[in-house]
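The residues making up each chain are set out below.
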Amino acid sequence: MSIATANRDVPGISVRPENFNSSGVHGGIANVHVHQFVQQAVKLCVPDQVFWCNGSDYERNRLLADAVNEGVLIPLNPRKLPGCYLHRSNPNDVARTEQCTFICTTTEDDAGPTNNWMPPVTAKELLTPLFSGCMRGRTMFVVPFMMGPAGSPLTKVGVQITDSIYVAISMGIMTRMGDVALKQLGDSDSFTRCLHSVADCDPARRYICHFPQDNAVWSIGSGYGGNALLGKKCLALRLGSYMGRQQQWLAEHMLILGAKAPSGEKTYIAAAFPSACGKTNFAMLIPPEKDRKAGWEITTVGDDIAWMWVDKTTGTLRGINPENGYFGVLPGTNWQTNQNAMQSMSHDTIYTNVALLPDGDVWWEGKTKEPPAECIDWTGQVWTPAIAATTDRKAAHPNSRFTAPMTNNPALDPAANDPAGVPISGIVFGGRRSKTLPLVFQAFNWVHGVYIGATVGSETTAAAAGQVGVVRRDPMAMLPFLGYNIRDYLTHWFSMRKLMRDCPRIFHVNWFRKDASGKFIWPGYGENMRVLKWIIDRCHGRAYAVETPLGWMPQPQDLDLDGLDLTPDTFAALQSVSHEEFKSEILGQEELFLKLAGDLPKEMIFQRELLISLL
Ligand code: OXD
Ligand code: MN
């Protein structure tokens, strides 16, 4: 075995030096615990060579060139998309696979009724033979990474072993990767041990196993983002939520946006929506022209994950985005729906499973009104609109993605790198619901808000393998990302209230309500600013609302509907709540309550009783 790596002696230069001993110990990195972890992985996976990533620009260019030579990446037109590449995944590996995702805790009760569970010993017995020798003939990349800005109280370090060059490059975009992470770690043993191999990419041998009690993740058989970039869903959400409960903070599937009013007042809002329900669009919202002219500005702290803690001196909630990039859904994204996302992916971006145009540009459904006359689809076959009409084949996969550094975002919030985070004034929950739920309402208080978050329902999307379009309960949009028992998670949310002197206001939104003919009633996208302004005013104790059984609701005159082609009657329809439909909604929530039978936090039971008696 030879050891390939970054040369620590030449700043910013990655070469393959010989200064390593045969046990795989890296000459330039001092942390003995990292060494031991890598040695164990080398012994198990038997790679041909080991490549230690330092995160330099030189190294990144080198990895990109290698990936092109290996056919893993296809360079795109450098004039239209400088520094951009196309990656086509194995067609069996295009989304998160929840059925292969396990929480491996000593007791089943620790994982709870909403997770797949395996005892850690069983998981290791099952996965060790799969990892054994899986990197023969391959390069092992050692990817140190940091979730959160350097110096933040919540920032965590991980070290990911992977045999996928696509994963190593993507980790360089999505996290603060390389020496910066090792510097944050120092001599400490406190890092997440992440072991990953695409192996033979066979869904029958695909496992994403989390060991929260050991601070480790083992993932095998998939190269897909959520299964393979282990800093994201695995560390920042599943292990993060577990740590958050132990250490009294929250790891949530939430965007954080900043809103600057014409007066200069800045308000930060966190929002949780299930996968592919518009978190990236909301985080990058461009206000309607009249608001922009008036001086409103929306900025992005994060588009997918928020880590939040209570500041002891002020007793208020603060949040950071642990990520460093965006892994956003492409279909439907265009210059009208999300200009900031389009700018973010205009250079130095990896496109996964999109169509390739003859001029080296890319295309996906919804990028332009008219489809291209011809392109190569995400599976590498010729695609034309005529073929699509007869076969129903999409040019881009419905879960095609862009991976772009957050610094590409023209609306990046100035505090996105601030270790002290930002103050969170409001929390918004939402789902994709064609019926039943109104455009917006506000919870009466924290406990009611937690109940609303816990009972979020949403129609399923292509972000996870499985049937699309059925309503499933997705508490806090965290169902696929909880690292422990949901009973304890809800109790933890209720108990956070006790740490706060002034807690964020909580809201529920539904951008996706449809009329009888199946058309969306609310225009969405930038027009969501109108709802956001009401939310911000409510957070600061300003706007009016009426009390309803669901919570506080704006009347048409309480929302700025000026210039919108929406009559007061249509607004009333958007906000209407049918008692009959709502009774079915409460029955739909039963699914969650039954799962937790006998184990529900009492706040959930009382809130439900109160809601039923109000109807
Ligand atoms: C994601 C997801 O990729 O939620 O962010 O699936
Ligand atoms: Mn997500």
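Calculation rules
- Residues numbered from 1 in each chain as written.
- Chains lettered and ligands numbered in written order.
- Predicted model: local features only at pLDDT ≥ 70, side-chain atom pairs only at ≥ 80, totals over all residues.
- Heavy atoms only, no water.
- Near = heavy atom within 4 Å.
- Polar contact = N/O pair within 3.5 Å; in protein donor to acceptor, adjacent residues only side chain to side chain.
- Pairing = 2+ DSSP bridges.
- Helix = DSSP H or I, 4+ residues; strand = E, 2+ residues; numbered from the N terminus.
- Contact = heavy atoms within 4.5 Å.
- Axes fitted to C-alpha atoms, helices over the stretch in contact; angles between N-to-C directions.
- Donors = N, O, S within 2.8 Å, 3.2 Å for Na, K, Ca; no water.
- Buried < 20%, exposed > 50% of the residue type's maximum accessible area, 1.4 Å probe, protein only.
- Phe/Tyr/Trp six-rings, centres within 6.5 Å; stacked < 30°, edge-to-face > 60°.
- Lys NZ or Arg CZ within 6 Å of the ring centre and 35° of its normal.
- pLDDT = per-residue confidence, 0-100.
- Expected span 1.5 Å × (residues − 1).
- Arc of directions from axis to C-beta.
- Patch = residues over 30% accessible without salt bridge, like charges linked within 9 Å, V, L, I, M, F, W, Y side chains within 5 Å.
- Areas by Shrake-Rupley, 256 points an atom, 1.4 Å probe, with all protein chains shown as cover.
- Salt bridge = Lys/Arg side-chain N within 4 Å of Asp/Glu carboxyl O.
- Parallel < 35°, antiparallel > 145°, perpendicular 65-115°, else oblique.
- Left-handed = near helix turned anticlockwise from the far one by under 90°.

K.L.:
In this structure, what is going on with the site of ligand 1? I would like to understand it.
P.N.:
Looking at ligand 1, the residues that line it are Arg-96, Lys-232, Lys-233, His-253, Ser-275, Asp-304, Phe-327, Arg-401, Ala-463 and Phe-481. Interatomic distance of 2.9 Å between a side-chain N/O atom of Arg-96 and an oxygen atom of ligand 1. In the environment of ligand 1, an oxygen atom lies 3.2 Å from a nitrogen or oxygen atom belonging to the side chain of His-253.

K.L.:
I'm lost on the sheet that holds strand E18 (residues 317-320) in this one. Help?
P.N.:
Strand-to-strand pairing in sheets goes through backbone hydrogen bonds, with the strands running parallel or antiparallel. Spatial strand order, E13-E17-E18-E26: 4 strands in an open sheet with antiparallel pairing. This sheet does not close on itself; its edge strands, each paired only once, are strand E13 (249-252) and strand E26 (422-423). Sheet strands touched by helix H8 (residues 231-247): E13 and strand E17 (306-310). Its angle to E13, the strand with the most contacts, is close to 165°.

K.L.:
Is there a simple way to think about the coordination of the manganese ion (ligand 2) in this case?
P.N.:
Surrounding the manganese ion (ligand 2) are the protein donor atoms Lys-233 (NZ), His-253 (NE2) and Asp-304 (OD), which sit 2.2 Å from the metal. Of note, the manganese ion (ligand 2) draws all its donor residues from one chain, in the sequence arrangement K-x19-H-x50-D. Of the two residues, Lys-233 sits in helix H8 while Asp-304 sits in the loop between strand E16 (297-302) and E17, which places them 71 residues apart along the sequence. Judged on exposure class, the residue Lys-233 and its partner Asp-304 are both buried.

K.L.:
I tried to follow the sheet that holds strand E4 (residues 85-87) on my own but got confused; where do I start?
P.N.:
Pairing is mixed in the open sheet, where 5 strands are placed in the order E3-E4-E20-E25-E19. In this open sheet, the two strands that pair with only one neighbour each are strand E3 (74-75) and strand E19 (325-329). Where E4 and strand E20 (residues 350-352) come together, 3 bridges link them in parallel fashion. Looking across to E20, one finds that Leu-86 is bridged to Tyr-351.

K.L.:
Any chance you could explain the packing of aromatic side chains here in plain terms?
P.N.:
Pairs of aromatic rings are described using the distance from one ring centre to the other and the angle between the two planes. Tallying each qualifying case throughout the model produces 19 aromatic pairs. Taken together, a centroid distance of 5.9 Å and an interplanar angle of 75° make the contact between Phe-444 and Trp-552 edge-to-face. Taken together, the positions of Phe-444 in the loop between strand E28 (440-442) and helix H13 (446-454) and Trp-552 in strand E33 (residues 552-553) put the pair 108 residues apart, joining distant regions of the chain. Overall, Phe-444 belongs to the partly exposed group, its relative accessible area being 33%. On the basis of relative accessible area, Trp-552 is assigned to the partly exposed category, the value being 26%. Site record: aromatic cluster; members linked through ring pairs are Phe-131, Phe-211 and Trp-218. Lying over the aromatic face of Phe-191, Arg-193 brings its terminal NZ or CZ to 4.1 Å of the ring centre. Here Lys-367 stacks its cationic end above the ring of Trp-364, 5.0 Å away from the centre of that ring.

K.L.:
Can you help me understand the confidence of the model for the protein in this one?
P.N.:
Should pLDDT be low for a region, the predicted coordinates there are not to be read in detail. In this model, the protein carries a mean pLDDT of 93, and residues with pLDDT of at least 70 account for 95%. Every residue in residues 1-27 scores below 50 in pLDDT, and together they form 69 contacts with partners more than four places removed in sequence or on other chains.

K.L.:
It is not clear to me how the pairing of strand E8 (residues 156-162) should be interpreted in this structure. Could you clarify?
P.N.:
Residues in a regular strand project their side chains so that they alternate between the two faces of the sheet. Counting buried positions along E8 gives 7 out of 7 residues, so the element sits mostly inside the fold. The side-chain alternation of E8 yields two buried faces, one formed by Lys-156, Gly-158, Gln-160 and Thr-162 and the other by Val-157, Val-159 and Ile-161. Across 7 bridges, strand E7 (residues 139-147) lies against E8 in antiparallel orientation. Residue pairing across strands places Phe-141 opposite Thr-162, the latter belonging to E8. Both E8 and strand E10 (residues 192-197) contribute to a ladder of 4 bridges, which runs parallel. Looking at the pairing, Gly-158 lines up with Thr-192 of E10.

K.L.:
How should helix H4 (residues 120-131) be read in this particular structure?
P.N.:
Owing to its 3.6 residues per turn, the α-helix brings residues three or four apart onto one side. Here H4 spans 16 Å end to end across 12 residues, near enough to the 16 Å set by a 1.5 Å rise per residue. Every buried residue of H4 is accounted for by Pro-120, Ala-123, Leu-127 and Phe-131. The arc that holds the buried residues of H4, viewed along the axis, is 60°, so those residues lie on one side. Exposed residues lying more than 90 degrees from the buried face of H4 are Val-121, Glu-125 and Pro-129. One or two residues past the end of H4 sits Gly-133, with phi positive at roughly 70°.

K.L.:
Please explain unusual backbone geometry as it appears in this structure.
P.N.:
When glycine is set aside, most residues are seen to have a negative phi, and most peptide bonds are trans. Although it is not a glycine, Gln-248 adopts a positive phi angle of roughly 65°. Residue position: Gln-248 is located in the loop between H8 and E13.

K.L.:
Any chance you could explain helix H5 (residues 165-174) here in plain terms?
P.N.:
Within H5, 9 of the 10 residues are buried, leaving the element largely enclosed by the surrounding structure. Within the sequence span of H5, burial applies to Ile-165, Tyr-166, Val-167, Ala-168, Ile-169, Ser-170, Met-171, Ile-173 and Met-174.

K.L.:
How do you make sense of the pairing of strand E25 (residues 401-405) when you look at a structure like this?
P.N.:
Counting buried positions along E25 gives 5 out of 5 residues, so the element sits mostly inside the fold. Taking every second residue as pointing to the same face, both faces of E25 are buried, with Arg-401, Thr-403 and Pro-405 on one and Phe-402 and Ala-404 on the other. Two strands pair when backbone bridges link them, and E19 and E25 are joined in this way by 5 bridges, in the antiparallel orientation. When the sheet's bridge partners are listed, Phe-327 is paired in E25 with Thr-403.

K.L.:
Which parts of the structure should I look at to understand the side chain of Asn-485?
P.N.:
Along the chain, Asn-485 falls in the loop between strand E30 (471-473) and helix H14 (486-499). Once residues within four sequence positions are removed from consideration, Asn-485 is found in contact with Asp-109, Asp-110, Ala-111, Gly-112 and Pro-113.

K.L.:
Just to check I follow, could you spell out the side chain of Asp-304 for this structure?
P.N.:
With relative accessibility at 9%, the residue Asp-304 sits in the buried group. Separated by 2.8 Å, the side chains of Asp-304 and Lys-232 make a polar contact. Not counting residues up to four positions away in its chain, the partners in contact with Asp-304 are Lys-232, Lys-233, Glu-252, His-253, Met-254, Leu-255, Lys-279 and Glu-323.

K.L.:
How do you make sense of the environment of Cys-201 when you look at a structure like this?
P.N.:
Summarising the element assignment, Cys-201 is placed in the loop between E10 and strand E11 (207-211). Between the alpha carbons of Cys-201 and Ser-222 there is a distance of 5.4 Å; along the sequence they are 21 residues apart. Those residues in contact with Cys-201 that sit more than four places away from it in its chain are Asn-90, Asn-92, Asp-93, Arg-206 and Gly-221.

K.L.:
It is not clear to me how a nonpolar patch on the surface should be interpreted in this structure. Could you clarify?
P.N.:
Together, Phe-444, Leu-610 and Leu-614 give the surface a local cluster of nonpolar side chains, amounting to about 260 Å² of exposed area. Position of Leu-610 relative to the elements: it lies in helix H18 (residues 602-614).

K.L.:
Any chance you could explain the packing of H13 against H14 here in plain terms?
P.N.:
The relative placement of two packed helices comes down to the angle between their axes together with the axis-to-axis distance. Between H13 and H14, the shortest axis-to-axis distance is 10 Å and the interhelical angle comes to 155°. If you check the angle between H13 and H14, you find them roughly antiparallel. As H13 runs across H14, the sense of the crossing is right-handed. Two secondary-structure elements touch here, H13 through Trp-446, Val-447, Val-450 and Ala-454 and H14 through Leu-490, Trp-493, Phe-494, Met-496 and Arg-497.

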